[in-house]
Amino acid sequence: MLEKVKKTDSGITIQKLYTKADLPENLDGEQKPGEFPYTRGVQPDMYRGKLWTMRQYAGFSTAEESNKRYHFLLSQGVMGLSVAFDLPTQIGYDPDHSLAEGEVGKVGVSICTLADMEILFKDIPLDKISTSMTINSTSFILLALYVALAKKRGIDVKQLSGTIQNDILKEYAARGTYIYPPKHSMRIITDIFEWCGTNLPKWNSISISGYHIREAGSTAVQEVAFTLSNGKAYVKAAQEKGLDINVFGKRLSFFFNAHNNLFEEVAKFRAARKMWAQIMKDLGATDEKALMLRFHTQTGGATLTAQQPLNNITRVTVQTLAAVLGGTQSLHTNGFDEALGLPTQQAASIALRTQQIVAFESGVADTVDPLAGSYFIENLTSQIEKDALSLINTIDDMGGSVTAIENGFMQNKIADSAYAYQKNIESKEKIIVGVNEFISESGTPIPILKIDEKIRQEQIDKLKLIKENRDDNKVAACLAEIKKAAMGSDNLMPFVIEAVEQSCTLGEIADVLRSIYGEYQA
């Protein structure tokens, strides 16, 4: 009987046994962490010097409710906040817009004014806490709101640290919360790069995201290839604007997914670091910090099952190990109930405790890159690099990520991989415990966090009150200035900050740009 061929989720064949002969020919056994090309990590001492930042992604309902969750998480040991926004906020609609109906506060917090932002971060020291905001097409508005809040509190904005996701290319390829066409979106992003480079030296002006590419069904190899290819597109756009790669390059960050195939995921992170260092070097970067791939990781939402949801605690633990063994700088762990709804406080607490147990009890953080030198890991790292580079070269031949997305190349590759993965589950080629094997009829009742439908009306009432008490002439003047800047070449950020300080809403600002740029149709 022939032995069944084993493969990773990317289709890489796994040998029965690995020996010294399987090590890559170009492997430098003397390479140290913190040295180019950073395969073994971006810091010489990694977690011995400082643990990864433990974040918990949270945001739901109103700013008041989300603020309560943030204070709870901070009291439990979270080191940085990660904000989830509802769909209307993500695509530039205020809660009173007809398209916001049924979505206000559902998958994140509803934010449209500076007053909302004040409540969201009430009693949270912005100059001491790192804040990550998962927002893309309206990222420039949310950043403006955050900066305006800091200024209102008398905080030196140069002390603000955090990240806006701001990665619009993956929205076209995998997620869908875009507004404007690619060319205009790229202009907004490079404006943010330029403004942050001068005004927010501690702020990551983009988080180039493979997470959503993987959630849409890509393989690990495609996640690396498409993410780094998108990164190249942003770098080239910034260079065309005349920005210095050694300045903005130091504030680029990445966002990856962690799935269940432990060794493939570890190898993926190691390969991505090595590849990005070489990509940046080829593009002209010389500053070592501009060559480093620094990344946040979130455990795989698509791997969570509604069946036997308590099993997800084990899945998240495996994924946490993958991220830490792979050298992440920041980590969010999903709640076990997130296949059913937004995480309850109990689920969020268990997710955080999972990180803390791995950090303080498992021993995996005690030495740098503990799997380095493993015949299997080194071989797999090399294979992922080779396959991902082949995909990047194909995209380069098309003219880069923007063209590849416009042609549907990335979308089709992701769809094909998602289809193949689902076929493997249905044929039981791929076993998912509790889904297609080891099925149990009885289950443990799981409480589900539900958002009250009256939230939308509450938000509309607050918005109405703000509009009644603001200076309409100043609002009109601010929106006119944004329009003028958008039609010309002036950096948008100063005008948007002034606008939110005068109580212009997110929807109003987004609509000004809609009137000029139009909306992208896939």
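Our structure's up above, just so we're on the same page.
How each quantity is defined
- Residues numbered from 1 in each chain as written.
- Predicted model: local features only at pLDDT ≥ 70, side-chain atom pairs only at ≥ 80, totals over all residues.
- Heavy atoms only, no water.
- Pairing = 2+ DSSP bridges.
- Helix = DSSP H or I, 4+ residues; strand = E, 2+ residues; numbered from the N terminus.
- Phe/Tyr/Trp six-rings, centres within 6.5 Å; stacked < 30°, edge-to-face > 60°.
- Buried < 20%, exposed > 50% of the residue type's maximum accessible area, 1.4 Å probe, protein only.
- Lys NZ or Arg CZ within 6 Å of the ring centre and 35° of its normal.
- Expected span 1.5 Å × (residues − 1).

1. Notes on the sheet that holds strand β11 (residues 330-332)
One open sheet accounts for nine strands, arranged β7-β6-β5-β4-β3-β11-β10-β9-β8; its pairing is parallel. One side of each edge strand has no neighbouring strand; the edge strands of this open sheet are β7 (203-204) and β8 (206-209). Bridge count for strand β5 (residues 130-134) against strand β6 (residues 162-164) is three bridges, and the pairing is parallel. Within β6, the position partnered with M133 by the bridge is I164.

2. A short note on the packing of aromatic side chains
The tally for this structure, following the rule as stated, stands at 19 aromatic pairs. A ring pair is formed by F226 and F409, whose centres lie 6.5 Å apart and whose planes are at 70°; its orientation type is edge-to-face. Here F226 is found in helix α8 (residues 220-240), whereas its partner F409 is found in helix α16 (residues 409-426), with 183 residues between them in sequence. Taken individually, F226 and F409 each receive the classification buried, so the pair is uniform in this respect. Here the aromatic residues F254, F256, F269, W276 and F295 are joined through ring pairs into a cluster of three or more. Against the face of F36 rests K281, its NZ or CZ located 4.8 Å from the ring centre.

3. Brief notes about helix α4 (residues 139-152)
Between its terminal C-alpha atoms α4 stretches 20 Å, which fits the 20 Å expected from 14 residues at 1.5 Å a residue. Within α4, burial applies to S139, F140, I141, L142, L143, A144, L145, Y146, V147, A148, L149 and A150. Remark: G154 follows α4 within two positions and exhibits a positive phi of approximately 80°.

4. Describing unusual backbone geometry
Residues F36 and P37 are joined by a peptide bond in cis, for which omega reads 5°. With respect to the helices and strands, the residue P37 is situated in the loop between β2 (13-14) and β3 (53-58). Its identity is not glycine, yet S61 carries a phi of approximately 60°, on the positive side. By the secondary structure assignment, S61 is in the loop between β3 and α1 (63-75). On the basis of relative accessibility, which here comes to 6%, the residue S61 falls in the buried class. Of note in this structure, Q308 is not a glycine but carries a positive phi near 45°. Within the secondary structure, Q308 sits in the loop between β10 (295-299) and α12 (311-325).

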